[in-house]
Amino acid sequence: MEQKMTYEHAMKRLEEIVKKIESGEMDIDLLAQNLKEAQSLVEFCKEKLTKVEEEVKKCLDM
């Protein structure tokens, strides 16, 4: 995964993967590869959201 990945970029890529899966454009080998990528992107987004949530809570507690 890219070092400078942003939340927005990760979400855009997830949307692309979902559209391809739903359209049936992928063969089984690409499907497995894209599902692994999607899993990694989802984890990245979860971590990003958790970090932002913690930062917001710190700011609100000040």
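Residues numbered from 1 in each chain as written. Predicted model: local features only at pLDDT ≥ 70, side-chain atom pairs only at ≥ 80, totals over all residues. Heavy atoms only, no water.

Asker: Just to check I follow, could you spell out the environment of Glu-53 for this structure?
Answerer: Checked against the element boundaries, Glu-53 lands in helix α2 (residues 28-61). Each C-alpha atom, one on Glu-53 and one on His-9, is 19 Å from the other, the two residues being 44 residues apart in sequence. (Helix = DSSP H or I, 4+ residues; strand = E, 2+ residues; numbered from the N terminus.)

Asker: Looking at this model, I keep getting lost on the nonpolar core. Mind explaining?
Answerer: Nonpolar side chains tend to gather and get buried jointly when the protein is soluble and globular. Membership of the largest hydrophobic core is limited to 9 residues, which are Met-5, Ala-10, Leu-14, Ile-17, Met-26, Ala-38, Leu-41, Phe-44 and Cys-45. If you list the elements that add at least two residues to this core, you get α1 (7-23) and α2. It is α2 that contributes the most residues to this core, 4 residues altogether. When near neighbours in sequence (up to four residues on either side) are disregarded, Ala-10 contacts Met-5, Leu-41, Phe-44 and Cys-45. (Core = buried A, V, L, I, M, F, W, Y, C linked by side-chain atoms within 4.5 Å. Buried < 20%, exposed > 50% of the residue type's maximum accessible area, 1.4 Å probe, protein only. Contact = heavy atoms within 4.5 Å.)

Asker: It is not clear to me how the packing of α1 against α2 should be interpreted in this structure. Could you clarify?
Answerer: Geometrically, a packed helix pair is captured by the angle between its two axes and the distance between the axes. Contact geometry for α1 and α2: axes closest at 9 Å, N-to-C directions at 150 degrees. Taken together, α1 and α2 sit at an angle that is classed as roughly antiparallel. Of the two possible hands of crossing, α1 and α2 adopt the one that is left-handed. Counting all contacts with α1, which are made through Tyr-7, Ala-10, Met-11, Arg-13, Leu-14, Ile-17 and Ile-21, the residues of α2 involved are Leu-31, Asn-34, Leu-35, Glu-37, Ala-38, Leu-41, Val-42, Phe-44, Cys-45, Lys-48 and Leu-49. (Axes fitted to C-alpha atoms, helices over the stretch in contact; angles between N-to-C directions. Parallel < 35°, antiparallel > 145°, perpendicular 65-115°, else oblique. Left-handed = near helix turned anticlockwise from the far one by under 90°.)

Asker: Could you clarify how one ought to interpret the environment of Leu-35 in this entry?
Answerer: Relative to the helices and strands, Leu-35 resides in helix α2. Each C-alpha atom, one on Leu-35 and one on Val-18, is 9.2 Å from the other, the two residues being 17 residues apart in sequence.

Asker: When you look at the environment of Lys-36 in this model, what are you seeing that I'm missing?
Answerer: With respect to the helices and strands, the residue Lys-36 is situated in helix α2. Note: C-alpha distance between Lys-36 and Leu-49 (13 residues apart in sequence) is 20 Å.

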